[in-house]
Structure formats: C-alpha cells, structure tokens
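# Analysis of the macromolecular model
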Amino acid sequence: MEVENSNLKLGNKGDIKELNENNEVFSKNVSLNKINNINDSKRIESLSYSMGIEEMEELENLGIEDVGVNSNVNEFKKIENSVIRNVISGTELNSEIDLRPKQEFEINDICVVGLGYIGLPTASMLANYNYNVLGVDIDQNKVNQIKSGSLKIEEPGLSTIVKGAINSKNLTVSTEPKPADVFIICVPTPARTNIDGSKSCDLKYINSAVENIRPYVKDGNLIIIESTITPGTTEKVYKELRKSVDEVYVAHCPERVIPGRIIKELSGNDRIIGGINQKSAEMAKSIYKSFVEGNIYTTNSKTAEMVKLMENTYRDINIALANEFSKICDEIGVNVWEAINIANKHPRVNILNPGPGVGGHCISIDPWFIVEVSDNAKFIKSARELNDNMPNFVFKKVEDELKDYKEEFNLSTKDMKICIFGATYKGNVEDTRESPSEKVADLLIDAGYKVMTYDPHAELFKYPLYDLETCVLNADCILVLTDHDVFKETTAEKIEFMESKIRNKHIIDTKNILNQELWEKFGFKYKLLGNGRLDE
Ligand SMILES: NC(=O)C1=CN([C@@H]2O[C@H](COP(=O)(O)OP(=O)(O)OC[C@H]3O[C@@H](n4cnc5c(N)ncnc54)[C@H](O)[C@@H]3O)[C@@H](O)[C@H]2O)C=CC1
Ligand SMILES: CC(=O)N[C@@H]1[C@@H](OP(=O)(O)OP(=O)(O)OC[C@H]2O[C@@H](n3ccc(=O)[nH]c3=O)[C@H](O)[C@@H]2O)O[C@H](C(=O)O)[C@@H](O)[C@@H]1O
C-alpha cells in the first residue's frame, strides 16, 4: 500500500508506528489528537486515498482492527474521524470534535429496534457518527454476541464498524428499549399465507416493536420505520402511537442495501424518506444526512412505502422474464445464456440472469405486498408465481437428465443420491431465507431421492449440511443451485477428487458459473439449465 508521504508518523502512544521500508502503516490504536494535530491534511488524504477497500481489508488482515471500509477519499474523509475515533480503545474521545453537520433538530439519543442485517449496520453507523445509540433486539443470544464481538457476520466491513461503534461507547445493546429522541424500527416483515392462499405482509413484528417502545415514546419523539411494509402501514403506526402521545412524528425510510455490499451502500445509496407530515420527513432527513453520501428525497409515507415495493418488484419481474426465456430456450433448442448475452449488446436491453428461482426475504416477498392491496397487480402476481415455480423446473430437469441412467442400471429414485451445491439464496452470503435450494431439496426428497447439501457459507438450513466429501460420495448427480465463488473457482484437483468419490459423473449447473470444459475433461456430463441446444 503506497502512502504519498513516506515519513508519515502518526502518534506515539503505541499508535501508528513509523512507516517501514515498504511504506507499511502499522496501527493498532490511533490517537485522534495526534491525527488532528497533523496540519498537513493532505497526508491524511493520501493515507485515506491509498486505502481502497483492498488495502483496508489488508490492514484488517494485518490484525489492525476497526479500520473503516472506504473506497475513496470523500467517503473516508466523512468517516475518517469516526473510524479513527473508534479505533481508540476506551480512550476519552476528544469532545471538541463533533462529526455531524449542524443539526436543525435536537437529536442525540437513538433507539434502533431490531439488530439484524439492517438494524445492526444502521445502529453502528449512527454510533460512528456520534449519536448515542441503544440497539435493541428480543434475541438475547444476538445481544450477547454483539456485546462480546462474537456475532458471525459475513458482510464485508460490518464487523469493523460494529466493533468501532462498541469501542466508541456510542453503541450499547440490550433486549429492552429506553427513552430516546428517535426510535428506528428494523424488524422482519415476512409474507404470511392467508387461508384463501393469498399472501400479505405479516406485521406482527412491527406491531410488537411498536408495543415494546410505546412506554418510552414521549411527546416530540420521531419514529422511523426502515422495515419494508405494506402501503398505509406508517399511517397506522402513527394513529396507534397517537393513542399514547399527543405529538409524535413518524416516517418511513426503506433500506436499499444489498447483502454483500451493505456497508458501501448504507452511505452510498440515495435514500427516500416518507413522512406522515413534512416535519416528520425533515426530522428523519436530518439524521440520515449525517452519514448518507447519496441524495435524500422526501415525500409522503405511502409513496415511500410504494417506492420500496416497486424497486423490488421491478427486479422480481425482470428475473421472471429471464426465467421464462430459460424455459422457452430449453424447449426450442436455444442456449438462453448465449441468447441473453447477445441480446444485452442492444443499447437498451438488460435481461437479467435465469436461475433455480428467487430467494431472500425481500425480492421473493415484497411484490406480494402490492398484490395484497390491489386487484390490478395481475402481471406482478404471475411473475411472482413463475419465479416461485422455478424449483419445479429444476426438479424436472434433474429427472430428465437421470432418466436414461436410471433405466440403464434399473435404478429407482430411492436407490439414488443427489448432491446439492448451495443452500443459501444467492452466492457468497450465509442467508438461506426463502432459498430456492430448500424447495428443490423438498421436491427431490418427496420423490424419494437421498439428498445431501454442501454449502461452506450457509449458517442454518432446513436440512443437514455436509462436508464436500460426504456429500459427493456415491452421488449420482451434483446439482449447483447457488453462485458461490468457491463453486466458480473449483480447481482441477478438486474435480478429480470428486470424480474419484462420485458414483455417476453428472453435473447440472443452474447458475452458469462452472467451467464446462474442465468438468467434462474429468468425464462429467455437464448440463446447463436453460441450454436447449443439442449440439453443446
Ligand atoms: N436484509 C436485507 O438486505 C434488507 C432487509 N430489508 C428489510 O428490513 C427489515 C429487517 O430485515 P433484516 O434486518 O434482514 O431482518 P433480520 O431477521 O436479519 O433482523 C431482524 C431482527 O429483529 C429482531 N426483532 C424481531 N422483533 C423484534 C422486536 N419486537 N423488538 C426488537 N427486535 C426484534 C429479530 O430478533 C432480528 O434479530 C425487513 O422488513 C426487510 O424486508 C430491507 C432492505 C434490505
Ligand atoms: C432492487 C434490488 O436490487 N433490491 C435488492 C434486493 O437484494 P437481494 O439480495 O434480495 O437481491 P438479489 O441479489 O437480486 O437476489 C434475489 C434473488 O434473485 C436471484 N437473482 C438475482 C438476479 C438475477 O439476475 N437472477 C436471479 O435469479 C438471486 O439468486 C436471489 O435468489 O432486495 C433488497 C431488500 O429489499 O432486502 C434490496 O435492499 C436490494 O437493493
């Protein structure tokens, strides 16, 4: 990592040591005073500028904790002090430094309700920006793990800002709320299947969160709902809280971050804020302005609720289009991946990737929140159903591919074993919520196959997870359902190892991530989902 000024010396209390001959900066704790006494801010910029994401992670690998994940000077400059502040382990912060822009509203104490994929990064980011944050979660284990720094998080950079926030003492966590100026609700909003088979937003967690904070909400408080909700919910929460306070402000500020890029997008994305009135929106905007680099748009609450749902619905129907193309190309003898690649050369065409279905607890769920409020949502509903049906298409493809093999060796499904690669809903995450892999496994098991699943990222899954060798041992087919890098980068040695353990060398790739030539070199019969060409 190059730093412009090679004699940079920062601090002397066991802080950043003198740069060694490789210009390597070693820092465990950096004294804010020392950093701020450096009048040549260019050196800080050069330090920050040279610290791209890779360098930041390299520093972390060097055992340097709490280095913020930033990709450019501006982002670093905005966070540099808070990152530097927060590497001070327990040292009294320099109170003269306030990181936040001038506040038009007196907001200091923030209570974040729900410390999951959204709540924990949000609470940590706010703490890094000098708010006094109480993170609340009903899951005692999660609270304990956050306190002890033992929460397993695959999200790049998240452990850094969480540790920084805890170290700064600006973030404390508990299972119980306390009075605050602002309450930010980040609890789950799953889809509920109703008796008539229709689906709607299950607001039980939102309602429980509102009841949990009710005793602590005072006149003048602001409540922000970040959870994705049915249009009209923010107004209902407002009416509910007005039963216990005269003057309360409520806004909806949906999250847009994508797992795998949460920290970068948390500050980088534009945000939308919908208030039940103008003051609610302005109060909420004053908070997000402290860390959001993107633009902040304000509107009314129902518009903000609908915008969020439109974003995810837009993605769902476009994935459905790719999946429908996949089924058609498979039927008429075209390779859908080749066709999409060429079609996307058109300046105004961007067809997404087909796959085994749509997982995650947002894209596969949020469109139902529009369907539930309008009978006009016919196209949205059919796209949702198409994506939900893709696991059946995958199951049928497995049956078709193994048909000849079953007949040749007079095997029934109960004599056969399928090895699934990938339990999570998408690549390089540990989240298995709504994963298509679960639905594919259900179908295979219901048909009588023995199924074993291998996924080095997955934390929890409906079925047991096995190591690679156990999974492929005597298997009749490997079925790749998730685009983890570790599957993309399967080496020849590893394929050779699998070839020596498997019973029938069959592999079905539903994500178009494998090196077909390499697998075929070791005798595997490779099938790409959506490739109907018989000459390939
Ligand atoms: N995960 C993501 O990438 C994104 C999620 N969202 C939305 O954000 C919301 C939260 O999603 P995640 O963070 O993924 O959920 P999550 O399941 O990871 O975390 C939610 C947390 O809330 C806690 N909780 C539930 N009820 C509570 C209560 N009454 N009081 C305190 N804590 C409570 C749970 O124990 C859990 O730890 C959902 O509405 C989701 O649609 C929006 C954009 C991105
Ligand atoms: C509009 C949009 O991009 N929304 C994002 C989305 O994040 P999420 O990780 O759920 O989205 P994703 O990466 O599209 O993955 C969803 C599912 O769709 C599948 N998928 C995705 C893209 C594609 O071309 N083909 C495909 O089959 C993935 O494999 C996965 O199973 O939903 C997030 C959310 O709301 O939780 C949201 O904040 C994110 O910005």
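In this report, we go over the structure that sits alongside the text. (Residues numbered from 1 in each chain as written. Chains lettered and ligands numbered in written order. Predicted model: local features only at pLDDT ≥ 70, side-chain atom pairs only at ≥ 80, totals over all residues. Heavy atoms only, no water.)

### Here we look at the pairing of strand β10 (residues 296-300)
Side chains on a regular strand alternate between the two faces of the sheet. Bridging between strand β9 (residues 271-275) and β10 involves five bridges; their strand directions are parallel. Paired with I272 across the strands is Y297, a residue of β10. As a crossover connection, the stretch from β9 through helix α11 (residues 278-288) into β10 is right-handed. (Pairing = 2+ DSSP bridges. Helix = DSSP H or I, 4+ residues; strand = E, 2+ residues; numbered from the N terminus. Right-handed = clockwise from strand over helix to strand, strands pointing away.)

### Some words on the site of ligand 1
Residues in contact with ligand 1 amount to 28 residues; listed here are only the nearest, D137, K142, T189, S208 and N212. With respect to ligand 1, the backbone of V187 contributes an N or O atom lying 3.5 Å from an oxygen atom. H361 places a polar side-chain atom, nitrogen or oxygen, 3.1 Å from an oxygen atom of ligand 1. When ligand 1 is considered free in solution it has 840 Å² of accessible area, and contact with the protein chains removes 92% of it. (Near = heavy atom within 4 Å. Polar contact = N/O pair within 3.5 Å; in protein donor to acceptor, adjacent residues only side chain to side chain. Areas by Shrake-Rupley, 256 points an atom, 1.4 Å probe, with all protein chains shown as cover.)

### Some points on the pattern of salt bridges
Counted under the stated rule, the structure contains 26 salt bridges. R533 serves as the salt-bridge partner of E338, at 2.7 Å between the closest nitrogen and oxygen. In this pair, E338 sits in helix α13 (residues 336-343) while R533 sits in the segment after β15 (525-528), placing the two residues 195 residues apart along the sequence. The class for E338 is partly exposed, based on a relative accessible area of 34%. When the shortest N-O distance is used, the salt bridge between R433 and D431 registers 2.9 Å. Using a relative accessible area of 30% as the deciding quantity, one classes R433 as partly exposed. Judged by relative accessible area, D431 falls into the buried class, the value being 8%. When salt bridges that share partners are traced, they join E211, R214, E240 and K243 into one network. (Salt bridge = Lys/Arg side-chain N within 4 Å of Asp/Glu carboxyl O. Buried < 20%, exposed > 50% of the residue type's maximum accessible area, 1.4 Å probe, protein only.)

### With respect to the sheet that holds strand β12 (residues 450-454)
Working definition: the strands of a sheet are paired by backbone hydrogen bonds and lie parallel or antiparallel to each other. As summarised here, the arrangement of the five strands in space is β12-β11-β13-β14-β15, forming an open sheet in which the pairing is parallel. Both edges of this open sheet fall to β12 and β15, since each of them pairs with a single strand only. When the angles between neighbouring strand axes are averaged without regard to direction, this sheet yields 20°. As paired strands, strand β14 (residues 506-509) and β15 are joined by four bridges and run parallel to one another. Note on β15: the bridge partner recorded for D509 is L528. (Axes fitted to C-alpha atoms, helices over the stretch in contact; angles between N-to-C directions.)

Purely geometric numbers; function is a separate question.
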